[in-house]
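# Notes for the structure review
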There are 6 protein chains.
Amino acid sequence: MQSKKPQDTHVIMSELVLPNDTNTLGNLMGGKLMHWMDIAAAISAQKHCNCPVVTASVDNVSFNNPIKLGNLLTIEAKLTRSFNTSMEVYLRVWGEDLSAQYKYLSNEAYLTFVALDPNGRPRKVPVITPETDEERKMFDGALRRRQIRLILGGKMKPEEAGELRALFIKD
Amino acid sequence: MQSKKPQDTHVIMSELVLPNDTNTLGNLMGGKLMHWMDIAAAISAQKHCNCPVVTASVDNVSFNNPIKLGNLLTIEAKLTRSFNTSMEVYLRVWGEDLSAQYKYLSNEAYLTFVALDPNGRPRKVPVITPETDEERKMFDGALRRRQIRLILGGKMKPEEAGELRALFIKD
Amino acid sequence: MQSKKPQDTHVIMSELVLPNDTNTLGNLMGGKLMHWMDIAAAISAQKHCNCPVVTASVDNVSFNNPIKLGNLLTIEAKLTRSFNTSMEVYLRVWGEDLSAQYKYLSNEAYLTFVALDPNGRPRKVPVITPETDEERKMFDGALRRRQIRLILGGKMKPEEAGELRALFIKD
Amino acid sequence: MQSKKPQDTHVIMSELVLPNDTNTLGNLMGGKLMHWMDIAAAISAQKHCNCPVVTASVDNVSFNNPIKLGNLLTIEAKLTRSFNTSMEVYLRVWGEDLSAQYKYLSNEAYLTFVALDPNGRPRKVPVITPETDEERKMFDGALRRRQIRLILGGKMKPEEAGELRALFIKD
Amino acid sequence: MQSKKPQDTHVIMSELVLPNDTNTLGNLMGGKLMHWMDIAAAISAQKHCNCPVVTASVDNVSFNNPIKLGNLLTIEAKLTRSFNTSMEVYLRVWGEDLSAQYKYLSNEAYLTFVALDPNGRPRKVPVITPETDEERKMFDGALRRRQIRLILGGKMKPEEAGELRALFIKD
Amino acid sequence: MQSKKPQDTHVIMSELVLPNDTNTLGNLMGGKLMHWMDIAAAISAQKHCNCPVVTASVDNVSFNNPIKLGNLLTIEAKLTRSFNTSMEVYLRVWGEDLSAQYKYLSNEAYLTFVALDPNGRPRKVPVITPETDEERKMFDGALRRRQIRLILGGKMKPEEAGELRALFIKD
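Calculation rules
Residues numbered from 1 in each chain as written. Chains lettered and ligands numbered in written order. Predicted model: local features only at pLDDT ≥ 70, side-chain atom pairs only at ≥ 80, totals over all residues. Heavy atoms only, no water. Helix = DSSP H or I, 4+ residues; strand = E, 2+ residues; numbered from the N terminus. Rg over C-alpha atoms; globule rule 2.2 N^0.38 Å. Contact = heavy atoms within 4.5 Å. Lys, Arg positive; Asp, Glu negative; His and termini not counted. Charge placed at Lys NZ, Arg CZ, Asp CG, Glu CD. Salt bridge = Lys/Arg side-chain N within 4 Å of Asp/Glu carboxyl O. Buried < 20%, exposed > 50% of the residue type's maximum accessible area, 1.4 Å probe, protein only. Least-squares fit on C-alpha atoms with pLDDT ≥ 70 in both. pLDDT = per-residue confidence, 0-100. Axes fitted to C-alpha atoms, helices over the stretch in contact; angles between N-to-C directions. Parallel < 35°, antiparallel > 145°, perpendicular 65-115°, else oblique. Nonpolar A, V, L, I, M, F, W, Y, C, P; charged D, E, K, R; others polar. Buried area = accessible area lost by both parts, 1.4 Å probe. Pairing = 2+ DSSP bridges. Polar contact = N/O pair within 3.5 Å; in protein donor to acceptor, adjacent residues only side chain to side chain. Expected span 1.5 Å × (residues − 1). Bend = angle between axes of the 7 residues up to and from the residue.

What chain A contains, in helices and strands, is three helices and six strands. Mapped in sequence order, the helices and strands of chain A form the string β-α-β-β-β-β-β-α-α. By the compact-globule yardstick of 16 Å for 171 residues, chain A fits well, its C-alpha radius of gyration being 17 Å. Expressed as lengths along the three principal axes of its C-alpha atoms, the size of chain A is roughly 50 × 45 × 35 Å. Expressed as a percentage of contacts within chain A between residues at least 6 apart in sequence, the contacts between residues at least 24 apart total 68%. Positive and negative charge centroids in chain A, built from 22 and 20 side chains respectively, lie 5 Å apart.

So, about the pattern of salt bridges. Tallied over the entire structure, the rule returns 36 salt bridges over all chains. One salt bridge in this structure joins R136 of chain B and D133 of chain B, with 3.1 Å as the shortest N-O distance. Of this pair, R136 of chain B and D133 of chain B both sit in helix α2 (residues 133-152), three residues apart, which is roughly one turn of that helix. For R136 of chain B, a relative accessible area of 38% gives the class partly exposed. Judged by its relative accessible area of 61%, D133 of chain B falls in the exposed class. With a closest N to O distance of 3.0 Å, K78 of chain D and E135 of chain D form a salt bridge. One end of the pair, K78 of chain D, is in strand β4 (residues 72-83); the other, E135 of chain D, is in helix α2 (residues 133-152), with 57 residues separating them in the sequence. With a relative accessible area of 24%, K78 of chain D lands in the partly exposed category. With a relative accessible area of 7%, E135 of chain D lands in the buried category. Taken together, the salt bridges that share partners define one network made up of D59, E88, R145 and R149 of chain A.

With that settled, the discussion passes to the relation of the copies chain E and chain A. With an RMSD of 0.0 Å, chain E superimposes on chain A once it is rotated by 120° and translated 0.0 Å along the axis. What the superposition gives is, in effect, a three-fold axis relating one chain to the other.

Low pLDDT marks regions whose predicted coordinates should not be analysed in detail. Summary statistics for chain A give a mean pLDDT of 91 and a share of 94% for residues scoring 70 or more. Across the whole predicted complex the pTM is 0.93, and at the interface the ipTM reaches 0.89.

When C-alpha atoms are compared, chain A and chain D, though not in contact, are closest at a spacing of 18 Å. Separating chain B from chain E is a minimum C-alpha gap of 18 Å, and the two share no contact.

Turning our eyes to something else, we now look at the side chain of T22 of chain D. The residue T22 of chain D is located in the loop between β1 (11-16) and α1 (30-49) in this model. When residues no more than four places from it in sequence are discounted, the contact partners of T22 of chain D are L18 of chain B together with V17, N27, L28, M29 and L69 of chain D.

For the rest of this paragraph, the subject is the packing of helix α1 (residues 30-49) of chain C against α1 of chain D. Axes are the key here: two packed helices are described by the angle between their axes and the distance separating the axes. Two elements in contact, α1 of chain C and α1 of chain D, have axes whose closest approach is 7 Å; the angle formed by their N-to-C orientations is 175°. Judged by the angle between their axes, α1 of chain C and α1 of chain D are roughly antiparallel. Between α1 of chain C and α1 of chain D, the residues in contact are G30, G31, K32, M34, H35 and D38 of chain C and G30, G31, K32, M34, H35 and D38 of chain D, respectively. Here the contact of α1 of chain C with α1 of chain D is composed, by residue class, of two nonpolar, six polar and four charged.

What follows concerns the interface of chain B and chain A. At the junction of the two partners, chain B supplies 41 residues and chain A supplies 41 residues. For the pair chain B and chain A, the summed buried surface comes to about 3400 Å²; carbon and sulfur atoms form 63% of the total. Joining chain B to chain A, the criterion identifies zero salt bridges. Sorting elements by how many residues they give to the side of chain B that touches chain A places helix α1 (residues 30-49) of chain B first, with six residues.

Attention now moves to the pairing of strand β6 (residues 102-115) of chain A. All names here are of chain A. Within β6, 10 of the 14 residues are buried, leaving the element largely enclosed by the surrounding structure. In this sheet, β6 lies alongside strand β2 (residues 53-58) in antiparallel orientation, the contact comprising five bridges. Counted as the bridge partner of S57 is T112 from β6. As paired elements, strand β5 (residues 86-97) and β6 share 12 bridges and run antiparallel to each other.

As a further point, take the interface of chain E and chain A. On the side of chain A, four residues touch chain E, which itself brings five residues to the contact. Of the roughly 350 Å² buried between chain E and chain A on both sides combined, carbon and sulfur atoms contribute 65%. Our count for the chain E to chain A interface comes out at one residue pair in polar contact (both at pLDDT 80 or more). Its residues assigned to classes, the side of chain E that touches chain A comprises two nonpolar, three polar and no charged.

Residues and elements named next belong to chain A. Here strand β4 (residues 72-83) lies mainly inside the structure; 10 of its 12 residues are buried. Across six bridges, strand β1 (residues 11-16) lies against β4 in antiparallel orientation. Within β4, the position partnered with I12 by the bridge is E76. Where β4 lies against β5, 11 bridges are found, and the strand directions are antiparallel. Each residue of the ladder has a partner; that of E76, found in β5, is R92. Turn length for the β4-β5 hairpin, with the two strands adjacent in sequence and antiparallel, is two residues, and the turn residue N84 shows positive phi of about 60°.

Before going further, it helps to spend a moment on the side chain of S57 of chain C. Among the secondary structure elements, S57 of chain C is positioned in strand β2 (residues 53-58). Note on S57 of chain C: relative accessible area 5%, which makes it buried. For S57 of chain C, the residues in contact, after removing those within four places along its chain, are Y110, L111, T112 and R149 of chain C together with V61, S62 and F63 of chain D.

So, about the relation of the copies chain B and chain A. For the match of chain B to chain A, the screw axis carries a shift of 0.0 Å, the RMSD comes to 0.0 Å, and the turn is 180°. Those values place the two copies in the arrangement expected of a two-fold rotation axis. Measuring from the rotation axis to each C-alpha of chain B, the shortest distance belongs to N60 of chain B, at 2.2 Å. Counting the interface residues of chain B, we find that 100% of their copies in chain A are interface residues as well, pointing to one common contact surface.

Taken in spatial order, the six strands make up an open sheet running β3(A)-β2(B)-β6(B)-β5(B)-β4(B)-β1(B), and their pairing is antiparallel. The sheet terminates laterally at β3 (61-62) of chain A together with β1 (11-16) of chain B, the two strands that pair on one side only. Set on the sheet, α2 of chain B makes contact with β2 (53-58), β4 (72-83), β5 (86-97) and β6 (102-115) of chain B; between it and β4 of chain B the angle comes to about 80°. Packing against the sheet, α1 of chain C makes contact with β1, β4 and β5 of chain B, and its axis sits at approximately 85° to β1 of chain B.

All names here are of chain C. For N84, which is not glycine, the phi torsion reads 60° and is therefore positive. Along the chain, N84 falls in the loop between β4 (72-83) and β5 (86-97). Note on N84: relative accessible area 48%, which makes it partly exposed. Located in the positive-phi region is Q101, a residue other than glycine, with phi close to 55°. Relative to the helices and strands, Q101 resides in the loop between β5 and β6 (102-115).

Residue and element names in this part refer to chain F. Its 20 residues place the ends of helix α2 (residues 133-152) 29 Å apart at the C-alpha level, agreeing with the 28 Å of an ideal helix rising 1.5 Å per residue. Along α2, the largest kink reaches about 30° and is centred on A142. For α2, the complete set of buried residues consists of E135, M138, G141, A142, R145, Q147, I148, R149 and I151. A positive backbone phi angle near 75° is found at G154, which sits one or two residues after α2.

Right under this line is the structure:
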């Protein structure tokens, strides 16, 4: 299986925020945004593994700037690293008021997907070779984020998470 | 402002998984599930604060058991604790194959919402007083989960997170 | 085939009324409400027969209190009685303005479903044994409502509908 | 206020049955059909009163022939009679398999609407003058159907429903 | 294969313009209108060939009068002519403000469909025999419109388009 | 009003083809594709004029390669030229089978939009200055396409369309 590049998994999605997507104050509902983010990230993962994928986990996501009704939503997704049968995708989400020419970062997130064979069982995926400095930084951080996921999901003990533990006992 | 009870924020949502909600293998897409979870949790938060709310953060969510096309999806939401202007909601999601009489826990999650005044600015919310043992356990854990959120969101330094830090240096 | 209990068929559905669900005055359109009622009732019927079902009839439904945009809609469904291959489900629908803390009964309805085998033909369903006084009252009334349905659907002559006829000639 | 003609309220709606509209056996869900029927009937009522309307009641509806995925659905709606502030609409629904050239009547129904002024309060509607024999028959039957609605809705005592009562004690 | 009549392919579709169908000024978005036009025209084509069809081309469409939120949209479609495996459908679209009793022609269009066999390959369709003067005029014009389509699609050289060429060099 | 660059109006939209978007043979319906194309193009036009826009016309569109269920749809849009109050946008649409790693051009199209002031009346838009050879070629061709639109829309006589006429009488 050949190594692949993050650039080949780059996905851009553009959507307009419509009335049914917003709450009574005219802000995009967080769940609708998560829906779009999941689709953009799943496309990115499928570009890497060339097979169906299923969402395995969504990292802690903070919604910093609400996106308003009628605004343009742009999502950029790119694979950071693959782990045997799973893939981590990094997303950035912007809102944009096209009339006011005001564009703002709404949030960032990491989603993890598992590649599936035709019977719905996990299958191996290609490794990825980062090329730019930013891609390498993302690639390295993926290991730490994976430890947080495993601990928070109850699948790893904190004392086993070497890299993460250093965060708390560095003093 | 009067104290309220978790039971008053209890929400049950039932949905059928339709073709457009699934990927090519017939599994519910993670993003559609997040969409429904967000709505159920937002209703729970609104039952507590009686005002509009906006999603502030979604904790690390793992999708353990895929939910199949045609299955019944049941989401239960209940407020665990409020913090000045924000509220944490605990969700459990079940899938159910009604013909096979097979019901399974799909995942659990914590979502946080901010209460808004009519101008879209944060407003104070009532405190909540847990009544059962499970509610008290959820109430206590909310503090630790909040520290994780603040650290992961870059708004608190790990060394300030007393309760969380103990998790890593207990040995 | 084992007798079952009404409580096992209890379904709660929660939905938010969104812009596309309302008419130009901001009231939930009756047809959208019927759509949600049908899904909630179908789930209830499937919980009883554990097989696919198809809507056979909707009883006379009156919409008393309009439900407003942004309000919470709650539907409760429970099976009242089964008749060989069909099942009657009783529904109550509430609207709720969460900010004003005002909850109101919107309407009640009875829907009937037919259980289907894998070839789409009617199949026998379990009997149901009411347990509470209300469930017994619902169970008894189901016979009378079935006569009305059959007469209004042209499948029974008025003079054959003993229980119903008494309603008109009791004086 | 001028009298109007049933023909001016004639509405034809054509829809294709898509995957999300059907249950797991590929039959159109009853609730989705009710949704379309309500919209077609509301348009018919609005053509008569030229103002917003709200669904007041749906008469007993039987679904006789299931409509299949991919089939064409045709709904015809026409006003039968108006009563001060309300209007009764008669609907016929056909399914059609365009490849097999097979068209079948799925069901008939009567829906009642109330005309609303800009403040959402009932307002008077024009009378209607039937022109054909079929329209006159529909017009006459509307009185009897209204009595059934009022009795079933608990707003009229059976002994007051002269025309309806005759149905049961004609022998 | 028997010749058929345009009247047998007549389709009427009625839709209400809902919030999600409009832009921020409350006008129906052109793309949503094209979506409905395509479905109405595809039904018309299927009524002629009694088999699945796929959109082959959409002629130049001008949107003259914007259709407003809450208005009624009516689309009328009728087949003009068939060409071996393809069919041209003529559409007229009206908007209507039911409260103001104001109806206006929004636009006209020609869509072309190809008939498909069960393997998705083009199949022959019946010829059509126009009956009215208007149908005959539509039938004759179809040849000229087809030449424009083939030239604009790069599948015919301008000098081969006899009828069309006359338009430009008639002086 | 400052001149702007085509690159600033570049829009990329990615969508997955879901069951409800396809006909019974599993091909994306042409109307749904037109819907997405209109939104992508409208965003591109809004990036240029920074105000609301309304679709004025869609040029002759040919659908060459059907896009299949589950495939990825990618639309690229870029402004070619502006004319006082209107803007022409060029679109390319690709389908992609991510598992088979097969990407194909589905179609190209030109859509024209009119810029609107807050009262819904046409307003002037900035001129655009092409920078690359391809942009310049698009810019030059826009004049000829505009003449075709005006002739086909009955707003210009063929003999007035100098550039277009040359196409037919060049021999």
